[in-house]
Amino acid sequence: MSPKKLRHLTLTIISYVFYGWANPAFVLLMIGSTIIDYVCGLFISEQWGENWKKPIKTLVKGADRTKRQRIAVTVSVISNLSLLVFFKYFNFAVENYNGLLEFIGLQGIESNSIINVVLPLGISFYTFQSMSYSIDIYRGNAKAIRNFIDFACYVSMFPQLVAGPIIRFQEVSNQLKHRTHTLEKFSRGIAFFCLGMAKKVLLANPCGKIADVCFDSVDVGFLNSWYGAISYAFQIYFDFSGYSDMAIGLGLMLGFVFAKNFDSPYSSRSITEFWRRWHISLSTWLRDYLYIPLGGNRKGNGRTYVNLMIVMLLGGLWHGSSWNFIIWGAIHGSFLAFERLANKQAFYQKLPKFVAIISTFIIVVFTWVFFRASDLPSALTYIQSMFGGNTNSQADLVNNVLILNNYYIFSFFLAGIVVWKFPQTWDFTKKITLAKSVWIMLLMMISVMALVTQDFNPFIYFIF
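Since the model is a prediction, treat every value here as computed from it, not as a measurement.

K.L.:
I'd love a proper account of the overall build of the protein, names of residues and values included.
P.N.:
Each helix and strand in the protein was counted, giving 18 helices and zero strands. A compact globule built from 464 residues would reach a C-alpha radius of gyration of about 23 Å, and the protein, at 24 Å, matches this within 12%. Overall size of the protein, expressed as C-alpha extent along the three principal axes, is 80 × 65 × 55 Å. Burial analysis of the protein (464 residues in total) assigns 52% to the buried set. For the protein, the exposed surface amounts to about 22,600 Å²; the carbon and sulfur share of it is 66%. Side-chain charges in the protein split into 40 positive and 24 negative, and the spacing between the mean points of these groups amounts to 14 Å.

So, in structure tokens, the structure goes:
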């Protein structure tokens, strides 16, 4: 309903209000990051000073860059990473520093003299998104924006601001200039949003409740440990893919087309394939902005394996400031390196499809334990139970009323059916028929009723 020239301003203001609802100070931080990358983009495009009024051109790929351009892209990358490192890892660094001093018999920093840094919501997403702007311009994959409001709209766009997907500038640069608003887009947007909300409320939340009971139990047995771990695997998938679907849906309502972020990841036949299907916006970001600049697979097998490990270790650390996430990344990096070696020896792909899918899923479920557990000792204790290390026979009895509740059991099995049998949301919304419309709106009404009545609705991405 806004005039065309004011649409980006309207969307930016709405996004700032949305983001600042919990803490207005976070908006100032995001605006500061936005200004830095905006200015760096102009310097990289040589649009500063006397060149301000000249037409902006895309830089030639592969051509030499000037010293000013190199400095500008360096400032952009360092400023974004500095924000991320300080707010996300300061407390983690202090805790480990104190632990090291105590281990060698020295006194650490007193707790009352340590700054307690609060993690701004969604900082991991918008710093990567903003940083891709200057890098894309530097590489010649996109050209800079002269209008600051347009760039601020890109960075702050509320649909995907706090939970992804990570939208790269080159993917939406043309849409920021010209995009269409159609009934077909809006209808598909509604469908995406409704189905995403159903994933979150009707599947992720009840599975999350099961996972919480199992992981928080002081004495969990073999069966319950796997029940809880698989429930968490369902929770994080439906939670994250649900939020991604809602973001894609809201984007369509606003005229933007975002790429899909999940593609049936639990149907993967290897960890390599899993990372082509899981959180696609992050995996491709790490590939294009970290793995390939490190050398990718161009410098021999040994260097390739090292690069894979570095990328996954940093990818794990990106998810959270804990040794659990680093271990999670190390395990995935090890399997990526192993699969690359095994494929070269031509035997890994000979596994039957069903065996490969189940094996991959078990590995993924095992690694999710490090994601969910509160700390490393808890993760190791839980894994011990998954391998039958808990000798207390009573621990295997599912005697908690919550877990025995038919609603949670039904949700668990329904989640499993949807994971492997239900078509992707992307495919389901390609053509909106009357029958699909009825089902979609019915799911939306059930989701709203469940959201109003249930008292368990976690937002698991606060830690990211």
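K.L.:
Residues and numbers for the nonpolar core, please.
P.N.:
Nonpolar side chains in soluble globular proteins generally cluster together in the buried interior. Ranked by size, the top nonpolar core spans 123 residues in total, and within it Y19, F128, I236, F238, Y266, W278 and W368 carry the most contacts. Ranked by residue count, the leading element in this core is helix 7 (residues 183-216), at 15 residues. Those residues in contact with F128 that lie beyond four places of it in its chain are L84, I166, L282, W285, L286 and W318.

K.L.:
Go over the side chain of S45 with me, naming the residues and quoting the values.
P.N.:
Topologically, S45 is positioned in the loop between helix 2 (24-44) and helix 3 (67-103). Residue classification places S45 among the buried positions, given a relative accessible area of 6%. Setting aside chain neighbours within four positions, we find S45 in contact with I56, I137 and A144.

K.L.:
Give me the lowdown on the packing of aromatic side chains, citing residues and values where you can.
P.N.:
A complete count under the given rule lists 47 aromatic pairs for this structure. When the ring of F86 is compared with that of F87, the centres are 5.1 Å apart and the planes differ by 85°; the resulting orientation is edge-to-face. On the basis of an interplanar angle of 90° and a centroid distance of 5.0 Å, the ring pair of F262 and W278 is categorised as edge-to-face. Of this pair, F262 sits in the loop between helix 8 (222-253) and helix 9 (271-277) while W278 sits in the loop between helix 9 and helix 10 (280-291), and the two are 16 residues apart along the sequence. By relative accessible area, F262 is classed as buried at 6%. Its end group placed over the ring of Y138, R65 keeps NZ or CZ at 5.6 Å from the ring centre. The ring of W318 is capped by K88, whose NZ or CZ atom sits 5.3 Å from the centre of that ring.

K.L.:
Describe in detail the pattern of salt bridges, supporting the description with residues and values.
P.N.:
According to the stated counting rule, one finds nine salt bridges in the structure shown. A salt bridge links K200 to D239; the shortest N-O distance between them is 2.9 Å. With K200 in helix 7 and D239 in helix 8, this pair connects stretches of sequence that are 39 residues apart. Of the two residues examined, K200 and D239, each falls in the buried class. A salt bridge links R287 to D288; the nearest nitrogen and oxygen atoms lie 2.8 Å apart. Given a relative accessible area of 14%, D288 falls into the buried group. Several salt bridges converge on common partners, so that one network encompasses R168, R287 and D288.

K.L.:
Describe the environment of V77, with residues and values.
P.N.:
Within the secondary structure, V77 is located in helix 3. Once the C-alpha coordinates of V77 and Q424 are considered, the two residues, 347 residues apart in sequence, prove to be 35 Å apart. Setting aside its immediate chain neighbours within four residues, V77 contacts M131 and I135.

K.L.:
Describe empty space enclosed by the protein, naming the residues involved and giving the relevant values.
P.N.:
Evaluation of the coordinates by the stated rule reveals two cavities of 30 Å³ or more. The volume enclosed by the largest cavity comes to roughly 90 Å³. When contributions to the lining of the largest cavity are tallied by element, the ones reaching two or more residues are helix 7, helix 8 and helix 17 (425-428). When residues in the lining of the largest cavity are grouped by element, the largest group, five residues, is from helix 8. Residues belonging to the lining of the largest cavity are distributed by class as follows: five nonpolar, five polar and three charged.

K.L.:
I'd love a proper account of the packing of helix 2 against helix 4 (residues 123-139), names of residues and values included.
P.N.:
Packing of helix 2 against helix 4 leaves a shortest axis separation of 8 Å and a crossing angle of 10°. On the basis of their axis angle, the class for helix 2 and helix 4 is roughly parallel. Judged by residue contacts, L29, M30, S33, D37, Y38, G41 and I44 of helix 2 engage I123, Y126, S130, M131, Y133, S134, I137 and Y138 from helix 4. When grouped by side-chain class, the residues that make up the contact of helix 2 with helix 4 number ten nonpolar, four polar and one charged.

K.L.:
Explain helix 18 (residues 434-453) residue by residue, including any values.
P.N.:
Compared with an ideal rise of 1.5 Å per residue, which puts 20 residues at 28 Å, helix 18 spans 29 Å between its outermost C-alpha atoms and is within 8% of the ideal. Of all the residues in helix 18, the buried ones are I440, M444, S447 and A450. Across the axial projection of helix 18, the buried residues extend over an arc of 130°, all falling on one side. Exposed side of helix 18, more than 90 degrees from the buried face: L434, A435, V438, M445, M449, V452 and T453 are the residues found there. Those residues of helix 18 that are buried are in contact with helix 7 and helix 17.

K.L.:
Run through helix 1 (residues 7-20), naming residues and quoting values.
P.N.:
Helix length check: helix 1 (14 residues) gives 20 Å between terminal C-alpha atoms against 20 Å at 1.5 Å per residue, within 8%. Among all positions of helix 1, only H8, L11, T12, S15, Y16, Y19 and G20 are buried. The arc that holds the buried residues of helix 1, viewed along the axis, is 150°, so those residues lie on one side.

K.L.:
Give me the lowdown on the environment of Y266, citing residues and values where you can.
P.N.:
Counting through the fold element by element, Y266 comes out in the loop between helix 8 and helix 9. When near neighbours in sequence (up to four residues on either side) are disregarded, Y266 contacts A233, I236, Y237, F274, W278, I357, F361, V364, W368, V419 and W420.

K.L.:
Please give an account of the layout of surface pockets that cites residues and values.
P.N.:
Over the atoms a probe the size of a water molecule is rolled, and this reveals where empty space is left. In this model, the largest pocket occupies a volume close to 800 Å³. Taken together, 24 residues form the lining of the largest pocket, with T272, E273, W275, R276 and L336 sitting closest to its centre. Where the lining of the largest pocket is concerned, the elements lending two or more residues are helix 9, helix 10, helix 11 (301-319) and helix 12 (323-344). Of all the elements, helix 10 adds the most residues to the lining of the largest pocket, at six residues. Considering only enclosed or pocket space, the second largest pocket measures out at about 540 Å³ in volume. Forming the boundary of the second largest pocket are 23 residues, of which A198, L203, V418, F422 and L443 lie nearest the centre. Of all the secondary-structure elements, those providing two or more residues to the lining of the second largest pocket are helix 7, helix 8, helix 16 (406-421), helix 17 and helix 18. The element best represented in the lining of the second largest pocket is helix 16, accounting for seven residues. Its residues assigned to classes, the lining of the second largest pocket shows 19 nonpolar, three polar and one charged.

Conventions and cut-offs
- Residues numbered from 1 in each chain as written.
- Predicted model: local features only at pLDDT ≥ 70, side-chain atom pairs only at ≥ 80, totals over all residues.
- Heavy atoms only, no water.
- Helix = DSSP H or I, 4+ residues; strand = E, 2+ residues; numbered from the N terminus.
- Rg over C-alpha atoms; globule rule 2.2 N^0.38 Å.
- Buried < 20%, exposed > 50% of the residue type's maximum accessible area, 1.4 Å probe, protein only.
- Areas by Shrake-Rupley, 256 points an atom, 1.4 Å probe, with all protein chains shown as cover.
- Lys, Arg positive; Asp, Glu negative; His and termini not counted.
- Charge placed at Lys NZ, Arg CZ, Asp CG, Glu CD.
- Core = buried A, V, L, I, M, F, W, Y, C linked by side-chain atoms within 4.5 Å.
- Contact = heavy atoms within 4.5 Å.
- Phe/Tyr/Trp six-rings, centres within 6.5 Å; stacked < 30°, edge-to-face > 60°.
- Lys NZ or Arg CZ within 6 Å of the ring centre and 35° of its normal.
- Salt bridge = Lys/Arg side-chain N within 4 Å of Asp/Glu carboxyl O.
- 1 Å grid on protein atoms, 1.4 Å probe; cavity = no way out; pocket = protein on both sides within 12 Å on 5 of 7 lines; lining within 4 Å.
- Points joined across faces, edges and corners; volume = space filled by probe spheres on them.
- Nonpolar A, V, L, I, M, F, W, Y, C, P; charged D, E, K, R; others polar.
- Axes fitted to C-alpha atoms, helices over the stretch in contact; angles between N-to-C directions.
- Parallel < 35°, antiparallel > 145°, perpendicular 65-115°, else oblique.
- Expected span 1.5 Å × (residues − 1).
- Arc of directions from axis to C-beta.

Spatial relationships are all this shows, so hold off on functional conclusions.
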